[in-house]
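Examining the three-dimensional arrangement
Here's the letter readout for the chains.
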Number of protein chains: 2
Amino acid sequence: MDRVRVVGRRILCGILLSAWVLLPASGWGAPLAPLPAPKAQKPAQAELGRRLFFDPRMSGDGGISCATCHMPAKGWGDGQALSAGYPGSKYFRNAQTLLNAAYNKRVFWDGRLSGADLPTLVRDHLTEAHFMLVDGRLFPERLKQVPAYVKMFKEAYGGEPSFGGSLKAISAFLHTIASRNVPFDKFLKGDKKAISAEAQKGLALFRGKAGCAACHNGALLSDGGFHALGVPENEQIFQDPLRHITFRRFNKVIGVPNFMNLRADPGLYVVTKEEGDRGKFRTPTLREVAKTAPYMHNGALATLEDVVAFYDKGGGSGPNKSPRLKPLGLSADERNALVAFLKSLSGEAVSAKEPKIPDYEIRKLGDN
Amino acid sequence: MDRVRVVGRRILCGILLSAWVLLPASGWGAPLAPLPAPKAQKPAQAELGRRLFFDPRMSGDGGISCATCHMPAKGWGDGQALSAGYPGSKYFRNAQTLLNAAYNKRVFWDGRLSGADLPTLVRDHLTEAHFMLVDGRLFPERLKQVPAYVKMFKEAYGGEPSFGGSLKAISAFLHTIASRNVPFDKFLKGDKKAISAEAQKGLALFRGKAGCAACHNGALLSDGGFHALGVPENEQIFQDPLRHITFRRFNKVIGVPNFMNLRADPGLYVVTKEEGDRGKFRTPTLREVAKTAPYMHNGALATLEDVVAFYDKGGGSGPNKSPRLKPLGLSADERNALVAFLKSLSGEAVSAKEPKIPDYEIRKLGDN
C-alpha cells in the first residue's frame, strides 16, 4: 500500500513538474529533472537509524560505524580514493556518497544489489568481512544493554532491539539524506538566476557537445546503467596486500572465473558473468558531486577538472569501452563551464548531528 | 585406519604399563596412569600449524592469534580468570590450557564439542564472534600472499593454503603440546624418588580421604565427565556489559530457554537442556595444573591452596551439586600435601618458539 502511494505521488510530481523539465538533448534517456521529495519516514524510525548509523557497536570489533566510511563532512563518503574497510582489511573501490542513495535502482559500483531493498544493502555492509563484520546475533544483544536504544526500538517498532529492526531503521535514516535546495533544481523550476551564466553554458555543453546527458540524465543525473569508460586501474589494488586480498576474496566468493589472475576490476561482470560487461560500472549520480572527490569507481581522478579532461580526451582504454566516448575537443573555457555546471548540482550541506554514543547499562534481570 | 592403529597402540601401552599403574582407590573410574605418547604428527604439518597458531592474520581484524589467549608462557592459557575474547567482546569463561588438549573426550567447559574432532574445535575458535571472528574465505587469501606459507602448505598438504588445511595443521600442532617428563609419571613408572614424601602423602589423600580420584582419574587425571561443584558465579559476567552480552548471545544461540533471565552459567545444560545438568562442568585435567591459575570454569579460585580449601569445606552450593562433595576435615598439613602432589603433576615447560611473522609479499600474477 505504501509503495503504491509513493509511486502515485511520484507520478503526480512528474506531471506537476513537467512544465519546467528539460527534454533530453539527443533523444537518450530521461530528462533532467528536480529530485522528487524523499519518501516520508516515521520520525522515530529515522531518528533511531541516525543514532545507529553513528554507533561503532554495529561492527564486529565495536570500533567502526557506518559513519567511519560515510562521513557527513566528506559528502557522506570518506574522501579517500579507495575506502578503508574493516581493520585488517582494506577495500578496493571508492566509498560512494550516501546522499540520495535511496533513489538508486541498483547499488554498489557493480550493481550487485537492488536499490529498492535498502535493508539488504545495510545488512551487506554490517556483516561483510571487508566492511563491518558484525555477527547479526551479537549486536542486538549489545543494543539491549543500552536503555536509550531499548526505549527507541519500542517507540519505533513496538518491540525489542533486533537485527532486522536495525536494518530497517538505518534504511529509514538513509531516506532522509537527500539533496536540499540545489541551485540547479531552482533553475529547472524556472529561476533563471539560480545558476551562473557560466554554469548555464556548461549545461548546454552537458546536454549537447560534451554528450554527458546521454548517461547522466533523469532526476539523479544518472541513467542507473553500466558503462565502460576505460578508467585506469588503481594500482593500489594490485600492490597493497590488504587491498589485493580483499579484491581476490570478493571475486572468488562472487564466482568470477579465473579470479586469481585478474589484472583489472571486472565491474558489472561480477554480476552477469558476461564478457561484454567486463569493465562496466554504474553511472553515479552527479548530485552533490562537488562534495565527493576523488572520482570514479576506484578514485583514480582527483578533481572535477580531471574528470572533465578525462572525457574530453575520449575516456581511457579497456574492454567494452562505450562507443559514446569520443574526443570532444573542448576549449579551456568549455571545460571550466562544465565544472561550473557540475558545481551547481550541490545544495546546502546535508548534515546529521553526530549523536553522543549512549553508554552500556546492564538491564535489570527480569526486565529482559 | 589411523584411528584403529592409534587405539590399538593405546591398548598396547596400557598393557605394558599395567604393572606400574595404580589401581583406583575406591572403585571409581580409570586408574591413574602415565600419559600415552602423543599421536605422531607429520613434521611439516605440525610446523605449519605452529606458525599459524601465532599468526594474528587468522583473526577477523588481523590483530589476535590463537596465542593471544593460549600463551605458552602462561601454561597455554591466558592467566586471566575470564578470557579476553575478540575486541569489542569479552568471553565469560576461563581459557583452558591447551597442554594435552588432544587427549580430551569432550572439549570446552560445557563439553559442546567432541575432542576427537580437533579441526572443528579450531574452526569454532577461529570463526566465533567472541573468539577470532575470521571469515573462512578471507584468511586463505591472506595466506596465499605470504610465500612462506604457500611453500609450507605445498610441503604439508601438497596444495595451496586453504581453510580446511589450516584447521588440520593447527590440530596437528595441538597434538605436539603434551606433558613431558612429569615427575608423577616417573613415580608411576617405579621411580619412588621422583616425587617428594609430602607429595606421596598428598597422593594417598587424593586417592583416599579427599576423594579427588573419584573424578580426577585416568591418564589425564580427569574422568572426562561433568559435575556440579557449586563454584560461586564470577560476578563480572553479570556486571561487565561486554561479558554479559557475550554470555547472553551465546546462550541464546545455543538455545537455552529463558536465556534472558539467566543468573548463573548453565554449564552442560546448554548441550543437553536437561535440568539435572544445570551447573555441571567438565572435569579438567590436572596435568600441568600448577601452571594454569586461576582455577575453575570461571576462574573463581585464584590458587591451588584455594581449590583445596574449597573442596575441604565440601564445595559450594547450587543445583545438582555432586553428592561426592562433603566436608573433608583436612588438616593444614594434609591440605599442603595435596598441593604438593598437584605440583608434581607439572613437567618441564612445554614451549613453542614464537615464530617471526612472515610479511605479505604479493604473488606474481600467473603464479596463482
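Residues numbered from 1 in each chain as written. Chains lettered and ligands numbered in written order. Predicted model: local features only at pLDDT ≥ 70, side-chain atom pairs only at ≥ 80, totals over all residues. Heavy atoms only, no water.

Concerning the overall build of chain A
- Secondary structure assignment for chain A yields 14 helices and 4 strands.
- A globule of 368 residues ought to have a C-alpha radius of gyration of about 21 Å, and chain A, at 21 Å, matches this closely.
- Its C-alpha atoms give chain A principal-axis dimensions of about 75 × 50 × 35 Å.
- Every one of the 368 residues in chain A was classed for burial, and the buried ones make up 54%.
- A fraction of 67% describes how many contacts in chain A between residues 6 or more apart in sequence connect residues 24 or more apart. (Helix = DSSP H or I, 4+ residues; strand = E, 2+ residues; numbered from the N terminus. Rg over C-alpha atoms; globule rule 2.2 N^0.38 Å. Buried < 20%, exposed > 50% of the residue type's maximum accessible area, 1.4 Å probe, protein only. Contact = heavy atoms within 4.5 Å.)

Brief notes about the interface of chain B and chain A
- Taken together, the 37 residues of chain B in the interface contact 37 residues of chain A.
- Where chain B abuts chain A, roughly 3,300 Å² becomes buried across the two surfaces, and 63% of that area is made up of carbon and sulfur atoms.
- If you sort the residues of chain B by the area they bury against chain A, B:Ile245, B:Ile362 and B:Leu365 come out on top, with a joint share of 18%.
- Run the count over chain B and chain A and you get 6 salt bridges.
- Across the pair B:Arg248 and A:Glu141 runs a salt bridge, and its minimum N-O distance is 2.9 Å.
- If you look at where chain B meets chain A, you find 9 residue pairs in polar contact (both at pLDDT 80 or more).
- Looking at the side of chain B that touches chain A, the elements that each hand over two or more residues are helix H5 (139-144), helix H10 (236-239) and helix H11 (241-253) of chain B.
- Looking at the side of chain B that touches chain A element by element, the count peaks at 8 residues for H11(B).
- Counted by class, the side of chain B that touches chain A contains 16 nonpolar, 10 polar and 11 charged residues. (Buried area = accessible area lost by both parts, 1.4 Å probe. Salt bridge = Lys/Arg side-chain N within 4 Å of Asp/Glu carboxyl O. Polar contact = N/O pair within 3.5 Å; in protein donor to acceptor, adjacent residues only side chain to side chain. Nonpolar A, V, L, I, M, F, W, Y, C, P; charged D, E, K, R; others polar.)

Things to note about the packing of aromatic side chains
Residues and elements named next belong to chain B.
- As enumerated under the stated definition, the model contains 32 aromatic pairs over all chains in all.
- For the ring pair Phe53 and Trp76, a centre distance of 5.7 Å and an interplane angle of 55° mean the geometry is tilted. Note that Phe53 is positioned in helix H2 (residues 43-53) and Trp76 in the loop between helix H3 (66-69) and strand S1 (106-107), a separation of 23 residues in sequence. Assigned by exposure class, Phe53 and Trp76 land together as buried. (Phe/Tyr/Trp six-rings, centres within 6.5 Å; stacked < 30°, edge-to-face > 60°.)

As for the side chain of B:Asn104
Residue and element names in this part refer to chain B.
- Of note, Asn104 is situated in the loop between H3 and S1.
- At 3.1 Å, the side chain of Asn104 and the side chain of Arg282 are in polar contact.
- When residues no more than four places from it in sequence are discounted, the contact partners of Asn104 are Gly115, Ala116, Leu220 and Arg282.

Description of the packing of helix H2 (residues 43-53) of chain A against helix H6 (residues 147-157) of chain A
All names here are of chain A.
- The N-to-C vectors of H2 and H6 enclose an angle of 150°; their axes lie 8 Å apart at closest approach. Here the hand of the crossing between H2 and H6 comes out left-handed. Where H2 abuts H6, its residues Ala44, Gln45, Glu47, Leu48, Arg51 and Leu52 lie against Ala148, Tyr149, Met152, Phe153, Glu155, Ala156 and Tyr157.
- Its residues placed into classes, the contact of H2 with H6 shows 9 nonpolar, 1 polar and 3 charged. (Axes fitted to C-alpha atoms, helices over the stretch in contact; angles between N-to-C directions. Left-handed = near helix turned anticlockwise from the far one by under 90°.)

Some thoughts on the relation of the copies chain B and chain A
- Relative to chain A, chain B is turned by 180° and slid 0.0 Å along the rotation axis, the superposed coordinates differing by an RMSD of 0.0 Å. The relationship between the two copies is best expressed as a two-fold rotation axis. (Least-squares fit on C-alpha atoms with pLDDT ≥ 70 in both.)

Considerations on helix H13 (residues 304-312) of chain B
All names here are of chain B.
- Buried within H13 we find Leu304, Val307, Val308, Phe310 and Asp312.
- Buried positions along H13 lie against helix H14 (332-343).
- Positive phi shows up at Gly314, right after H13, with a value of about 90°.

Details of the packing of H2(B) against helix H7 (residues 163-176) of chain B
Residue and element names in this part refer to chain B.
- Running from N to C, H2 and H7 cross one another at 100°; their axes reach a closest spacing of 7 Å. The angle between the axes of H2 and H7 places the two elements in the roughly perpendicular class. On the side of H2, the interface is formed by Gln45, Ala46, Leu48, Gly49, Arg50, Leu52 and Phe53, while H7 contributes Ser166, Ala169, Ile170, Ala172, Phe173, Leu174 and Thr176. (Parallel < 35°, antiparallel > 145°, perpendicular 65-115°, else oblique.)

Topic: the domain arrangement of chain A
All names here are of chain A.
- For chain A, the assigned domains are domain 1 (38-176) and domain 2 (183-343).
- Between domain 1 and domain 2, the residue contacts involve 31 residues of the former and 33 residues of the latter.
- Among the residues of domain 1 in contact with domain 2, Lys90, Phe92 and Trp109 are the three that bury the most area, contributing 28% of the side total.
- Summed over the shared surface of domain 1 and domain 2, the number is 3 salt bridges.
- Residue Glu128 pairs with Arg249 through a salt bridge whose shortest N-O separation is 3.3 Å.
- Taken together, the connections running from domain 1 to domain 2 amount to 13 residue pairs in polar contact (both at pLDDT 80 or more).
- Of the residues in the side of domain 1 that touches domain 2, the class split is 10 nonpolar, 13 polar and 8 charged. (Domains from an automatic or database assignment.)

Concerning the pattern of salt bridges
- Following the criterion strictly, the structure yields 44 salt bridges over all chains and no others.
- B:Arg57 serves as the salt-bridge partner of B:Asp55, at 2.9 Å between the closest nitrogen and oxygen. B:Arg57 carries the same exposure label as B:Asp55, and that label is buried.
- Residues joined by salt bridges that share partners form a network here, namely A:Glu141, A:Lys144, A:Glu160, A:Arg363, B:Arg248 and B:Lys252.

Structural notes on the state of the cysteines
Residues and elements named next belong to chain B.
- Here the structure, examined in full by the defined rule, presents 0 disulfides over all chains.
- Cys66 provides the cysteine sulfur closest to Cys69, a residue in no disulfide bond, and the two sulfurs are 9.5 Å apart.
- Residue class for Cys69 comes out buried when judged on its relative accessible area of 17%.
- With no disulfide of its own, Cys212 lies closest to Cys215 among cysteine sulfurs, the gap being 9.3 Å.
- A relative accessible area of 21% places Cys212 in the partly exposed class. (Disulfide = S-S within 2.5 Å.)

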